[in-house]
Amino acid sequence: MVVSKQNYEDLRKQRLEENKRRMEELHLPLLTKALKTAHSPKPSPMKRTQPRAIGTEMVMVRRSGRVANLPAPVYKEITLYERVELPKGKRKYSYRRSDLANRVYASDEERAYATTKAEELEANLEGDHPSFVKPMLPSHVTGGFWLGLPGYFCRNHLPKNDGTVTLIDEEGEEYPTVYLAHKIGLSGGWRGFSLSHELVDGDALVFQLIEPTVFKVYIIRCSGYKEGEINDASDA
């Protein structure tokens, strides 16, 4: 027996309605919806991407709202100055450029003049105190400010351990310095002495050891060479 197409469609719809009614009686649609909600995957949080650096720029951060809209400042190199302090009762301040580009180098004639005058002064010092002459080099009066002392003198007259060595200038002002025995020279404190007395390349110093750790220091300026030439020209 052949079922017509129309009858087949009617039977299919009837069965669908019956099945739907049975599912509603069993509350299957609500159960299915609850299961889908419980097992649905949570959306993954959006990943934040870091911006890609394309260059660098040096600017000053403006934290005040009043100047936030002003142009960025212009940076330039500046020269630092050092303040030199002496012990209480003998206090003064001296400033000098420490820019290495402004070094002034003495001529051979100026250097020889100062050294010769210093040797003459040393020869005429009174007393039996040991002494030596030290011509100034650029490293002594600019940059590192390290003063190496004659090895033979240190081995024979100065302490074997690090300590304080005091320098006394011709005006009686005292300058404590750090003596490094293993390096044979003066470190901390020598910079202050050099700046306060405006020492330059070519000057010559006479160091006279008047006490076990105290030097009397005499300064001969290399600029005296040109001053002498000027005086000689005036006399002629």
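Presented here is an overview of the structure given in this document. Throughout this document, residue positions are counted from 1 along each chain, in the order its sequence is written. Owing to the predicted nature of the model, reporting of local features is limited to residues with pLDDT of at least 70; listing and counting of side-chain atom pairs is limited to 80 or more, with chain, interface and lining totals taken over all residues. Remark: hydrogens and water are excluded; side-chain values derive from all non-hydrogen atoms of the structure.

**Regarding the overall build of the chain**
Then, in step 1: Scanning the chain for helices and strands turns up 7 helices and 7 strands.
Then, in step 2: Secondary structure elements are defined from DSSP: runs of H or I of at least 4 residues count as helices, runs of E of at least 2 residues count as strands, and each element is numbered from the N terminus. Seen in sequence order, the chain has helices and strands lined up from the N terminus as α-α-α-β-α-β-α-β-β-β-α-β-β-α.
Then, in step 3: Using a 1.4 Å probe on the protein chains alone, a residue whose accessible area is under 20% of its type maximum counts as buried, one over 50% counts as exposed, and one in between counts as partly exposed. Across the 236 residues in the chain, those meeting the buried criterion constitute 28%.
Then, in step 4: Any pair of residues with heavy atoms lying within 4.5 Å of one another is described as a contacting pair. Long-range pairs, those at least 24 residues apart, make up 55% of the contacts in the chain between residues at least 6 apart in sequence.
Then, in step 5: With an accessible surface of roughly 17800 Å², the chain has 54% of that area assigned to carbon and sulfur atoms. Throughout, the Shrake-Rupley method with a 1.4 Å probe supplies accessible areas, and for residues the shown protein chains are the sole cover considered.

**Here's the deal with the sheet that holds strand β2 (residues 147-148)**
Then, in step 1: Being paired, for any two strands, means DSSP has found at least two bridges between them. Across the sheet, which stays open at both edges, the 7 strands sit in the order β1-β6-β7-β3-β4-β5-β2 with mixed pairing between neighbours. Strands with a single pairing partner mark the edges of an open sheet, and in this sheet they are β1 (131-135) and β2.

**Remarks on unusual backbone geometry**
Then, in step 1: Of note, the phi angle at Phe145 is positive, near 50 degrees, even though the residue is not glycine.
Then, in step 2: Relative to the helices and strands, Phe145 is located in the loop between α4 (138-141) and β2.
Then, in step 3: A positive phi angle is found at Ile184, which is not glycine, with a value near 55 degrees.
Then, in step 4: By the element assignment, Ile184 lies in the loop between β4 (174-180) and β5 (185-186).
Then, in step 5: According to the relative accessible area criterion, Ile184 is partly exposed, its value standing at 26%.

**Focus on the packing of aromatic side chains**
Then, in step 1: Under the pairing criterion, centres of Phe, Tyr and Trp rings, with the six-membered ring standing for Trp, must be within 6.5 Å; the plane angle then separates stacked pairs below 30 degrees from edge-to-face pairs above 60, leaving the rest tilted. Per the stated rule, a full pass over the model turns up 8 aromatic pairs.
Then, in step 2: Ring plane angle 85 degrees and centroid distance 5.9 Å describe the contact between Phe132 and Phe215, whose orientation is recorded as edge-to-face. Here Phe215 lies in strand β7 (residues 214-220) and Phe132 lies in strand β1, a separation of 83 residues in the sequence. For the pair Phe132 and Phe215, one class covers both residues: buried.
Then, in step 3: Seen in terms of ring centroids, Tyr175 and Phe193 are 5.2 Å apart; in terms of plane orientation they differ by 85 degrees. Their pairing is edge-to-face. With Tyr175 in strand β4 and Phe193 in helix α6 (residues 190-196), this residue pair connects regions lying 18 residues apart in the sequence. Here Tyr175 matches Phe193 in class, with each residue buried.
Then, in step 4: Among the aromatic side chains, those forming a connected cluster through ring pairs are Phe132, Phe153, Phe207 and Phe215.

**Focus on the pattern of salt bridges**
Then, in step 1: What makes a salt bridge here is a side-chain nitrogen of Lys or Arg within 4 Å of a carboxyl oxygen of Asp or Glu, nothing more. Per the stated rule, a full pass over the model turns up 3 salt bridges.
Then, in step 2: Linking Glu9 and Arg12 is a salt bridge whose minimum nitrogen-to-oxygen distance equals 3.4 Å. Residue Glu9 and its partner Arg12 are both found in helix α1 (residues 5-25); the two are separated by 3 residues, about one turn of the helix.
Then, in step 3: What makes Arg12 partly exposed here is its relative accessible area of 39%.
Then, in step 4: A salt bridge links Arg111 to Asp201, with the nearest nitrogen and oxygen atoms 3.0 Å apart. Placement of the pair is Arg111 in helix α3 (residues 108-123) and Asp201 in the loop between α6 and β6 (204-211), with a sequence separation of 90 residues.

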